[in-house]
Amino acid sequence: MTRFVQLLVDGIATGAAYSLFAVGFTLVFGVNRILNLAHGAVFMAGAMIAVLLVDRASIPFLPALLIGMVAAGAINVLLDIVAFRQLARRQAPEFAAVTASIGAILIITNISQRVSDTSVQRFPPEAFPGSVIDVGGVQLTLIRLVIVLVAAVLAGGLILYLRSTLYGKQLRATAVSEATSSLLGINPGAVRLQAFFISGALAGAGGVLIGVAFNNVNFAMGDLYLLYGLVAIVFGGMGSVGGALTAGIVIGIVQSFTVGYLSSQLSDAVPFVLLALILLVRPSGLFTVFTSERRVGRAAA
Amino acid sequence: VNQFWISNKPLIEAILINIGLAFSQYVVLRAGVFSVATIGLAGVGGYTAGLCSLRLGLPYPVALLGGMAMSTGVSLLLGWPLSRLRGIFQAVATLAFVLVLQTMMLDLTGLTGGSFGLNGIPREVQTWHLMLAVVVMAFLLVNLGRTRPGRAFDAIGGDETAAVTHGISVRRYQFMAFGLSGLFAGLSGGLLAFQNYSVEPTQFGFAPTIDVLIYVVLGGTVSVLGPIVGTTVFMALPEVARPFAANRDIIVGVVLIFVVIYLQDGVVDSLRRLWRDRRARRARERRDGADAGPPLAWSSPPTTPQAVKDHAEA
């Protein structure tokens, strides 16, 4: 039983970081209809910036986390201005935006590879006092608590922002219909800016937390987590914030149990098998949000 | 010439194999399917061919056919549900497919040899086999434009809504495009297995998927020359220009973004259109000079109306 709870707690901690990543991914898809594959690279960039600040400039963890988030958000906004806005103005097909985001992956990954000399970066041990709290046999490390806390604050903040502030409401209105909301006086450019910044900042936060959880930040980590992000958004319904949050935690828990009870080798496979099953049973995934938005000629599944 | 041939043989063979993969990616894009399954399907073809040869002791051509049959089957199986979905979901699902397959290659150690892959596959492929394969595929693709399915592909790729309103079944033709793509991918994967002595999971993951997509996007998705030029240029360039090799990813990334924004049809198709427009203008000027008739109404061949006529008759 203790083991079960321990695995559950560990799973929730990593799952919380996945959630942040997935929410940012789904936000841009929901608001701007862009499948930004560079989200994984932005996530890695946030982690890389934070780990280099802590390791090389001896900046404490929390400020480094904040700088990493803001930088990741800025990279995402830059990407939007340089590529996605140009494509939207030319009314390019969805395919073009995905291809452009692949170009961005190559650029961001290559720069990070150079900055990090192709080596794995780690947070120095003194950045975190390794204190462990023992609750009835379940080990709670300080790092895990910090991860869950940061993730909870950010996710809560995002939900509050989307539900209660004017900007958040504009964002949600644009997600429903960009044309209608701009007729009603909402500036679509400002909404894009927010969506991309929030998305990038959450990716950056997720990256830093994952980097801390496994104490491993490397230039190639974006690809793997991009795939977890894909699983999470298919699982939770593309464009659904609550769905992505839940799905991230579910993936974390499932993975933790796989490592604990089956084998660590399988833990990377599990999310994909899950995804394959969803796609087999219901090929539209659990894309519940946009089922009405199909092109002509495709039967509603 | 002989010296050049010997020293560059591995590169030339790799380019030929990758042109086959680019063709597989090109077919689906031409039909408006946003599938990125090519590399996964090539993996199915390569592993099946390798297993047929190593475990069953089948001769090389039979093993190759086995790989092609398997990858075509898998592609049709994948295409059945996916031809119902909208582009972006096809992309997500096929990307997931590639990764599920790669995970299977890594984890089904008994069958696939895990991360070491299948080794000791006899090297049976001669360079001319690869050339023949590319020529045959190119021939099929060029002539595809003269058949009904080919014209339907072009109509759907051009404008899906217009195609549907003229009675073209998007599902049926996209399903067919999946099959053809699987066939080409399986052939290329099988040839790779018999050229390379081995197949391993790293050859069939995310990075090669992106590479193949880049060849086609940069080259162009309309003309058959597009994937050929795209693949050749992007594989040969790092060998020719060292500074390019060192900064390959950054340059490719910048070029990719530039191309999708400013040359939406890829390099080859954009150039072809420029040339065609110029020729049409010249012809018009010449004729206007002679009898000052009305300007030409349109200058490009009416591919879509032809496809529409097919289906009106059907």
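In case you missed it, the structure is sitting above this.
As the structure is a prediction and not an experimental result, all values here were calculated from the model.

(A) Region of interest: the overall build of chain B. Along chain B, the regular secondary structure elements total 15 helices and zero strands. Taking 2.2 N^0.38 as the reference for a compact globule, 314 residues should give roughly 20 Å; the C-alpha atoms of chain B span a radius of gyration of 21 Å, in line with that estimate. Looking at chain B residue by residue over its 314 residues, the buried ones come to 52%. Contacts spanning at least 24 positions in sequence make up 78% of the contacts within chain B whose residues lie at least 6 apart. On chain B, roughly 13,900 Å² of surface is accessible, and the fraction owed to carbon and sulfur atoms is 66%. In chain B, 24 side chains carry a positive charge and 18 a negative one; their mean positions are 5 Å apart.

(B) Quick look at the packing of aromatic side chains. Scanning the entire structure with this criterion turns up 15 aromatic pairs over all chains. For the ring pair F21 of chain A and F25 of chain A, a centre distance of 6.2 Å and an interplane angle of 45° mean the geometry is tilted. Note that F21 of chain A and F25 of chain A are positioned in helix 1 (residues 2-32) at a spacing of four residues, about one turn of the helix. F25 of chain A shares its class with F21 of chain A; the two are buried. Note on F61 of chain A and F123 of chain A: the rings are 6.0 Å apart at their centroids and 75° apart in plane angle, and the pair reads as edge-to-face. Taken as a pair, F61 of chain A in helix 3 (residues 61-89) and F123 of chain A in the loop between helix 4 (94-115) and strand 1 (132-135) lie far apart in primary sequence, 62 residues in all. The same class applies to F61 of chain A and to F123 of chain A, which are both buried. These aromatic residues form a ring-pair network of at least three members: Y18, F21, F25, F43, Y225 and Y228 of chain A. Positioned over the ring face of W80 of chain B is R171 of chain B, at 5.6 Å from the centre of the ring.

(C) Up close: helix 11 (residues 225-240) of chain B. With 16 residues, helix 11 of chain B extends 21 Å between its outermost C-alpha atoms, agreeing within 8% with the 22 Å of an ideal straight helix rising 1.5 Å per residue. Considered for burial, the residues of helix 11 of chain B that qualify are G226, P227, G230, T231, F234, M235 and P238 of chain B.

(D) How the structure looks around the interface of chain A and chain B. Taken together, the contact between chain A and chain B spans 49 residues of the former and 44 residues of the latter. Here chain A is connected to chain B by zero residue pairs in polar contact (both at pLDDT 80 or more). Looking at the side of chain A that touches chain B, the elements that each hand over two or more residues are helix 3, helix 4, helix 9 (221-236) and helix 11 (269-281) of chain A. With 15 residues, the single largest contributor to the side of chain A that touches chain B is helix 4 of chain A. Per-class residue counts for the side of chain A that touches chain B are 34 nonpolar, seven polar and eight charged.

(E) Here's a closer look at the pattern of salt bridges. In this structure the tally under the stated criterion is five salt bridges over all chains. With a shortest N-O distance of 3.5 Å, D10 of chain A and R144 of chain A are connected by a salt bridge. Of this pair, D10 of chain A sits in helix 1 while R144 of chain A sits in helix 5 (residues 142-164), placing them 134 residues apart in sequence. In this structure D10 of chain A comes out as buried when scored by relative accessible area, which is 18%. Relative accessible area serves as the criterion here: at 25%, R144 of chain A is assigned to the partly exposed category. Of the charged contacts, one joins E13 of chain B and R123 of chain B as a salt bridge, the two residues approaching to 3.0 Å between their closest N and O atoms. Placement of E13 of chain B in helix 1 (residues 2-30) and of R123 of chain B in the loop between helix 5 (109-112) and helix 6 (127-144) is noted, with a sequence separation of 110 residues between them.

(F) Inspection of helix 1 of chain A at higher detail. Residues and elements named next belong to chain A. Taking 1.5 Å per residue as the helical rise, helix 1 with its 31 residues ought to reach 45 Å, and the 45 Å between its terminal C-alpha atoms agrees with that figure. For helix 1, a buried count of 24 out of 31 residues is recorded, marking the element as mostly surrounded by other parts of the structure. Note on helix 1: the residue one or two positions beyond its end, R33, has a positive phi of about 60°.

(G) Summary view of the nonpolar core. With 186 residues, the main nonpolar core has L35 and L87 of chain A together with F23 of chain B as its most contacted residues. Sequence-distant contacts of L87 of chain A, defined by excluding residues within four places in its chain, comprise A92, A96, A97 and A100 of chain A together with V260 and I261 of chain B.

(H) Representation of unusual backbone geometry in the model. For S58 of chain A, which is not glycine, the phi torsion reads 50° and is therefore positive. Structurally, the position occupied by S58 of chain A is in the loop between helix 2 (39-57) and helix 3. Despite not being glycine, Y197 of chain B shows a phi value in the positive range, around 70°. With respect to the element layout, Y197 of chain B can be found in the loop between helix 9 (170-196) and helix 10 (206-219).

Parameters at a glance
- Residues numbered from 1 in each chain as written.
- Chains lettered and ligands numbered in written order.
- Predicted model: local features only at pLDDT ≥ 70, side-chain atom pairs only at ≥ 80, totals over all residues.
- Heavy atoms only, no water.
- Helix = DSSP H or I, 4+ residues; strand = E, 2+ residues; numbered from the N terminus.
- Rg over C-alpha atoms; globule rule 2.2 N^0.38 Å.
- Buried < 20%, exposed > 50% of the residue type's maximum accessible area, 1.4 Å probe, protein only.
- Contact = heavy atoms within 4.5 Å.
- Areas by Shrake-Rupley, 256 points an atom, 1.4 Å probe, with all protein chains shown as cover.
- Lys, Arg positive; Asp, Glu negative; His and termini not counted.
- Charge placed at Lys NZ, Arg CZ, Asp CG, Glu CD.
- Phe/Tyr/Trp six-rings, centres within 6.5 Å; stacked < 30°, edge-to-face > 60°.
- Lys NZ or Arg CZ within 6 Å of the ring centre and 35° of its normal.
- Expected span 1.5 Å × (residues − 1).
- Polar contact = N/O pair within 3.5 Å; in protein donor to acceptor, adjacent residues only side chain to side chain.
- Nonpolar A, V, L, I, M, F, W, Y, C, P; charged D, E, K, R; others polar.
- Salt bridge = Lys/Arg side-chain N within 4 Å of Asp/Glu carboxyl O.
- Core = buried A, V, L, I, M, F, W, Y, C linked by side-chain atoms within 4.5 Å.

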